[in-house]
Amino acid sequence: QVQLVESGGGLVQAGGSLRLSCAASRSINSINLMGWYRQAPGKQRELVATITNGDSTNYVDSVKGRFTISRDNAKNTVYLQMNSLKPEDTAVYYCNAKQTTVYGVVLRNYWGQGTQVTVSS
């Protein structure tokens, strides 16, 4: 089992920055894929960014060039640096951890409780 705890959310004006952190309760060295998702009111949860344990990253088009995901295995923590924030980035942001097989089959899937990000115009 892995418990994930997000922090760093808050209220920021458009154009501002926030850094989200996701602290895991144990080592994430064996976690193949860490990611951030978000869910705005009335919308489905969507993938924002992922990072593999080889540090390969992937982003949804709407955040490319503005958000950066990173991981610090020594601290069991994943970060999401969010710059040039827009009102449409307003959502609850969730940390996710997936253990997969070498073929990509998900064996275990963990979620944090979420942290609210609100961007005012």
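Residues numbered from 1 in each chain as written. Predicted model: local features only at pLDDT ≥ 70, side-chain atom pairs only at ≥ 80, totals over all residues. Heavy atoms only, no water.

Colleague: Teacher, can you tell me more about the pattern of salt bridges here?
Modeller: Charged atoms that come close allow side chains of opposite charge to pair. Tallied over the full model, the rule gives four salt bridges. The closest approach of N and O atoms between arginine 38 and glutamate 46, which form a salt bridge, is 2.6 Å. With a shortest N-O distance of 2.8 Å, aspartate 89 and arginine 66 are connected by a salt bridge. Of the two residues, aspartate 89 sits in the loop between strand S8 (77-82) and strand S9 (91-100) while arginine 66 sits in the loop between strand S6 (57-59) and strand S7 (67-72), which places them 23 residues apart along the sequence. The residues aspartate 89 and arginine 66 share a single accessibility class, namely buried. (Salt bridge = Lys/Arg side-chain N within 4 Å of Asp/Glu carboxyl O. Helix = DSSP H or I, 4+ residues; strand = E, 2+ residues; numbered from the N terminus. Buried < 20%, exposed > 50% of the residue type's maximum accessible area, 1.4 Å probe, protein only.)

Colleague: What's the story with the state of the cysteines in this structure? I'm lost.
Modeller: As used in these notes, a disulfide is a covalent bond between sulfur atoms, one from each of two cysteines. With the rule as written, the count across this model stands at one disulfide. Each sulfur in the disulfide pair cysteine 22 and cysteine 95 lies 2.0 Å from the other. Handedness here is read from the sign of the S-S torsion; for cysteine 22 and cysteine 95, about -80°, the answer is left-handed. In this pair, cysteine 22 sits in strand S3 (residues 18-24) while cysteine 95 sits in strand S9, placing the two residues 73 residues apart along the sequence. (Disulfide = S-S within 2.5 Å.)

Colleague: Would you explain the pairing of strand S5 (residues 46-52) in this entry?
Modeller: On a regular strand, each side chain points to the face opposite its neighbour's, so the side chains alternate between the two faces of the sheet. Of the pairings in the sheet, the one linking strand S4 (residues 33-39) to S5 comprises six bridges and is antiparallel in character. Each residue of the ladder has a partner; that of tyrosine 37, found in S5, is leucine 47. The antiparallel pairing of S4 with S5 creates a hairpin that spans six residues between the two strands, and glycine 42 there sits at a positive phi of about 75°. Bridge count for S5 against S6 is three bridges, and the pairing is antiparallel. Pairing of alanine 49 across the sheet is with tyrosine 59, part of S6. Taking the residues that link successive antiparallel strands as the turn, the S5-S6 hairpin has four residues, and the phi of aspartate 55 there is positive, at about 70°. (Pairing = 2+ DSSP bridges.)

Colleague: What should I look at first to understand the side chain of lysine 98 in this one?
Modeller: Checked against the element boundaries, lysine 98 lands in strand S9. A polar atom in the side chain of lysine 98 sits 3.2 Å from the side chain of tyrosine 37. With near-sequence residues (within four places) excluded, lysine 98 lies in contact with Ile31, Asn32, Leu33, Tyr37, Val106, Arg108 and Asn109. (Polar contact = N/O pair within 3.5 Å; in protein donor to acceptor, adjacent residues only side chain to side chain. Contact = heavy atoms within 4.5 Å.)

Such coordinate-based values are descriptive only and should not be taken to indicate function.
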